[in-house]
Amino acid sequence: SPLSNVIVLRDVYESNRNSTHKLLIATIKRLGFEDLFSWSESETGTLTIVRKKTRQKIFFCGMNNPESLTSFAVETGFLDTMWVAEAFEIESQDALAQVLINLRGEMPEGYRIQIYMTFNPWSEDTWLKTRFWDRVELKTDKNGKEYGENDEAYCITTNYLDNPWLSDDDKAYYTALEQRDPAYY
């Protein structure tokens, strides 16, 4: 949307350089949108992706650098979206709450604060399970995927079959692993 700006968060800032930052750039290129965005691909320096026409930004941050997480100012629009990648790396819900206060304030009509958390592997011991999954009534869709929602969260389970970049050999490996060692899978 023309007013949204995004924070991409990982536990360690530098982890973004070879994961989320490269993934988003590769996606922009794959979709043929290179002319619409600018970014730095240097091995040092601040990571951002900027939509040229509107100056909207995607900021990349890490929990290990608290100063990078406060007082964001955007040139255009609002800071309304956060993607927490590999959320299981973040030690606690309290640690994440310190960051989430950056997404605050009144949003214009049609906008709302959105937080996306992606993570694997699944663990029964993670705070994410008790904070989100245990608070929703899980259902199973026609494809066998678990999902659930409440007024605070929408949760969905995906697996290797949902990854469009896996080769047939990769899929065969994970299928065999699921059958051979379900606990590890």
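Here's a quick rundown of the structure. (Residues numbered from 1 in each chain as written. Predicted model: local features only at pLDDT ≥ 70, side-chain atom pairs only at ≥ 80, totals over all residues. Heavy atoms only, no water.)

## What to know about the environment of Asp151
Within the secondary structure, Asp151 sits in the loop between strand S8 (146–149) and strand S9 (154–156). As for Asp151 and Val136, which are separated by 15 residues in sequence, their C-alpha atoms are 9.4 Å apart. (Helix = DSSP H or I, 4+ residues; strand = E, 2+ residues; numbered from the N terminus.)

## Considering the sheet that holds S9
Pairing in this open sheet of 3 strands is antiparallel, and the strands run S7-S8-S9 from one edge to the other. Single-partner strands in this sheet number two, and they are strand S7 (139–140) and S9. Sheet analysis places S8 next to S9, joined by 3 bridges and oriented antiparallel. Pairing of Glu149 across the sheet is with Tyr154, part of S9. (Pairing = 2+ DSSP bridges.)

## Quick notes on the layout of surface pockets
Left-over empty space is what a probe sized like a water molecule reveals as it rolls over the atoms. When its volume is computed, the second largest pocket comes out at roughly 330 Å³. Along the wall of the second largest pocket there are 15 residues; nearest its centre are Val6, Phe37, Arg51, Gln56 and Ile58. Secondary-structure elements contributing two or more residues to the lining of the second largest pocket are strand S1 (4–10), helix H1 (20–30), strand S3 (48–51) and strand S4 (57–62). Among the residues making up the lining of the second largest pocket, the classes are represented as 8 nonpolar, 5 polar and 2 charged. (1 Å grid on protein atoms, 1.4 Å probe; cavity = no way out; pocket = protein on both sides within 12 Å on 5 of 7 lines; lining within 4 Å. Points joined across faces, edges and corners; volume = space filled by probe spheres on them. Nonpolar A, V, L, I, M, F, W, Y, C, P; charged D, E, K, R; others polar.)

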